[in-house]
Amino acid sequence: TDCTCVVGYTAASDGDVCSACDAGTYKATTGTEPCSMCPTGTSSARESNDLTDCKCLAGYSGTSCTACMAGTFKSSSGTTACQLCLSNSESASGSALCYCSVGFTGADGGPCVACSDCTSAVTFTGTLAITLSEFNTAKRAAYVAGVAQALSVASSSVAI
């Protein structure tokens with residue numbers, strides 16, 4: 001019972017086996033206190049031991065990690081500034097990429113050109129409370145299936 005968990009780890013009680021704080025959490029004190037969740041718009045690596053380990057997610061910027069405004073995006077984590085979408089493209093608040101406006105086509109995040117026979121598409125951006133390394137094939141398939149069901153389309157119509 002003389003053993004206590006170091007920062008970044010927690011346990012049910014002193015002397016128990018300590019477990020690392022999950023990604024998206026941190027613990028700055030020793031002992032059995034639970035790991036704390038990172039603030040909204042941020043995440044951290046596993047075993048994080050300080051609030052400063054919580055970094056802005058893609059789509060969030062600044063020292064307080066506020067969501068990028070509609071019409072802007074940020075594709076990487078960290079505190080770098082959001083960037084304006086290219087012409088003929090747009091984004092929702094908190095977006096990691098811009099998508100082509102109606103009547104234009106092109107790859108998400110890339111240049112958009114006018115088209116006369118564009119197919120109808122719905123593009124949206126969402127933030128998942130999960131790290132990229134945890135977003136494995138099984139979780140991706142479950143997410144795609146859920147989005148497809150919500151939109152009443154085939155899973156093959158959903159691209160991530």
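Residue numbers run consecutively from 1 along every chain, following the written order of its sequence. The predicted origin of the model limits local features to residues at a pLDDT of at least 70 and limits the giving and counting of side-chain atom pairs to 80 or more, whereas totals for whole chains, interfaces and linings rest on all residues. To obtain the side-chain values, all non-hydrogen atoms of the structure were used and water was disregarded.

To qualify as a helix, a DSSP run of H or I must reach at least 4 residues; to qualify as a strand, a run of E must reach at least 2; elements of each kind are numbered from the N terminus. Broken down by element type, the protein carries 1 helix and 14 strands. Residues are treated as being in contact if the distance between any of their heavy atoms lies within 4.5 Å. Considering only contacts within the protein whose residues lie at least 6 apart along the sequence, 21% involve residues at least 24 apart. Method for areas: the Shrake-Rupley scheme with a 1.4 Å probe, in which residue coverage is limited to the protein chains shown. When the accessible surface of the protein is totalled, it reaches about 9,900 Å², and 56% of it is carbon and sulfur.

Summarising the element assignment, S44 is placed in the loop between β5 (42-43) and β6 (55-56). From its side chain, S44 meets the backbone oxygen of T25 in a polar contact 2.7 Å long. Here a polar contact means two N or O atoms within 3.5 Å. Within protein one must be a hydrogen donor candidate and the other an acceptor candidate, and residues neighboring in sequence count only if both atoms are side-chain atoms.

Bringing the confidence of the model for the protein into the picture now. pLDDT is a residue-level measure of predictor confidence that goes from 0 to 100. Looking at the protein as a whole, the pLDDT averages 84, with 81% of positions reaching at least 70. Ranking the elements of the protein by mean pLDDT puts helix α1 (residues 137-151) last with 69 and strand β3 (residues 25-26) first with 96.

Quick look at the state of the cysteines now. When two cysteine sulfur atoms are found within 2.5 Å, that pair is recorded as a disulfide. Using the criterion set out here, one finds 7 disulfides in the structure. Linked covalently through their sulfurs, C85 and C98 form a disulfide whose S-S length is 2.0 Å. As the torsion about the S-S bond is roughly -80°, the C85-C98 disulfide counts as left-handed. Within this pair, whereas C85 is found in the loop between β10 (83-84) and β11 (89-90), its partner C98 is found in the loop between β11 and β12 (99-100), the two being separated by 13 residues in sequence. Each of the two residues, C85 as well as C98, counts as buried. For the unlinked cysteine C3, the closest cysteine sulfur is that of C18, found at 7.8 Å. Residue C3 is classed as exposed on the basis of its relative accessible area, which comes to 55%. For each residue, the accessible area found with a 1.4 Å probe, counting protein chains only, is set against the maximum for its type, and the residue is called buried under 20%, exposed over 50%, and partly exposed in between.

Although it is not a glycine, E47 sits at a positive phi angle of roughly 70°. With respect to the helices, strands and loops of the structure, E47 is situated in the loop between β5 and β6.

Among the secondary structure elements, S89 is positioned in strand β11. Only 2.6 Å separates the side chain of S89 from the backbone oxygen of L86, close enough to count as a polar contact. Apart from residues lying up to four places away in sequence, S89 is in contact with C98, Y99, C100, S101 and C112.

This brings us to the environment of L86. Relative to the elements of secondary structure, L86 occurs in the loop between β10 and β11. In the structure, L86 is positioned 14 residues away from T72 in sequence and 9.0 Å away in space, judged by C-alpha atoms. With near-sequence residues (within four places) excluded, L86 lies in contact with G109, G110 and P111.

Mapped onto the fold, T29 is located in the loop between β3 and β4 (36-37). The class of T29 is partly exposed, set by a relative accessible area of 41%. It is 8.7 Å that separates the C-alpha atoms of T29 and C5, two residues lying 24 residues apart in sequence. With residues up to four places along the chain from it excluded, the contact list for T29 reads V6 and V7. Polar side-chain contacts of T29 include one of 3.4 Å to the side chain of E33.

Here we take up the environment of C82. Relative to the elements of secondary structure, C82 occurs in the loop between β9 (72-73) and β10. For the pair C82 and S61, spaced 21 residues apart in sequence, the C-alpha separation works out to 6.3 Å. Residue contacts for C82: discarding those within four places in its chain leaves S61, C68, T72, F73 and K74.

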